[in-house]
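# Descriptive analysis of the structure
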Amino acid sequence: MKKVRTLGIVIGAIALIAVGFLSAKLLEKENESKVSATSIEERLEKCSSLTTVRLDYRGIIKYEDGDIQYINKKSFSMIYDAHVKAGIDLSKASVKVDGKKIVVTVPQPEIQDVIVDSDSLEFYDEKFALFNWTEKEDTAKAIECAKEDAKERAMQTDILEQALEQAKTVIETLLLPVSEEVEEAYEIEFVEG
């Protein structure tokens, strides 16, 4: 009887150890399944258009319309303030999970928006024409020229490189909770797309 009881205790202990081992393996697999490329991509897509850098710019443009002096040719110089925003579209990012490494392919940064502050406009050297009177249309065209000028000037700076570096920092911060949900931390690697 003692042998049967001892055998029962040993079998029970082995069964408990086996259940504990299997539970640990199942929990480990459950933690591993939490970090998947699809779940990370979904998280990034929710952010979509990510503006990471804003450049404030003050510029001047010369606007001319028409070709015959005093008849239909008018011109003016316009000083303006513009805000240039750059960043990335996170919906275009792709993610691959390889072991304990999360590889994020980040799309190239781009100028997302150029806004000319209409309250900042200052006009100089105005020359009017007899048969070319549309001031509102001229101002609208001049603002479009100012947007192009501000965009060109911004491209001459390192705004896109700054946008990319800031985007990487934001993505790392965004993925930090994902990598902390599991016991062993994940390494995040960036590839430029």
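Below, the structure is looked at part by part.

## So, the environment of Glu 45
Topologically, Glu 45 is positioned in helix α2 (residues 37-47). Distance in space between the C-alpha atoms of Glu 45 and Ser 91 is 4.5 Å, their sequence separation being 46 residues.

## Topic: the pattern of salt bridges
Enumeration over the complete set of coordinates arrives at eight salt bridges. When the shortest N-O distance is used, the salt bridge between Arg 58 and Glu 122 registers 3.0 Å. Pair noted here: Arg 58 is in strand β1 (residues 49-65) and Glu 122 is in strand β5 (residues 110-127), with a separation of 64 residues, a long-range link. Note that Glu 192 is salt-bridged to Lys 168, the shortest N-O span being 3.7 Å. Here Glu 192, found in strand β6 (residues 187-192), pairs with Lys 168, found in helix α4 (residues 159-180); they are 24 residues apart in sequence, far enough to count as distant. Residue Glu 192 is classed as partly exposed on the basis of its relative accessible area of 46%. On the basis of relative accessibility, which here comes to 16%, the residue Lys 168 falls in the buried class.

## What about the sheet that holds β6?
Strand pairing in a sheet relies on backbone hydrogen bonds, with the paired strands running either antiparallel or parallel. Spatially, three strands are ordered β3-β4-β6 in an open sheet, and the strand pairing comes out mixed. For this open sheet the edge positions go to β3 (94-98) and β6, each flanked by a neighbour on one side alone. With direction set aside, neighbouring strand axes in the sheet form an average angle of 20 degrees. The sheet contacts of α2 involve β3 and β4 (101-106), and relative to β3 the element is tilted by about 150 degrees.

Reading guide: rules and limits
- Along every chain, residues carry numbers that run from 1 in the direction the sequence is written.
- A pLDDT threshold of at least 70 governs which residues receive local features in this predicted model, and a stricter bar of 80 or more applies before side-chain atom pairs are shown or counted, although totals over entire chains, interfaces and linings include all residues.
- The side-chain figures draw on all heavy atoms in the structure; neither hydrogens nor water molecules are used.
- Numbering of helices and strands runs from the N terminus; a helix is a DSSP stretch of H or I covering at least four residues, while a strand is a stretch of E covering at least two.
- Within this document, salt bridges are pairs made up of a side-chain nitrogen of Lys or Arg and a carboxyl oxygen of Asp or Glu, the two lying within 4 Å of each other.
- Buried residues are those whose accessible area, probed at 1.4 Å on protein chains only, stays under 20% of the maximum for their type, while exposed residues exceed 50% and partly exposed ones sit between those limits.
- Each pair of strands is called paired provided DSSP finds at least two bridges between the two strands.
- To get an axis, a line is fitted to the C-alpha atoms, and for a helix only the part in contact is used. The angle between two axes follows their N-to-C directions and goes from 0 to 180 degrees.
- Whether two residues touch is decided by their heavy atoms; if any such pair falls within 4.5 Å, the residues are in contact.

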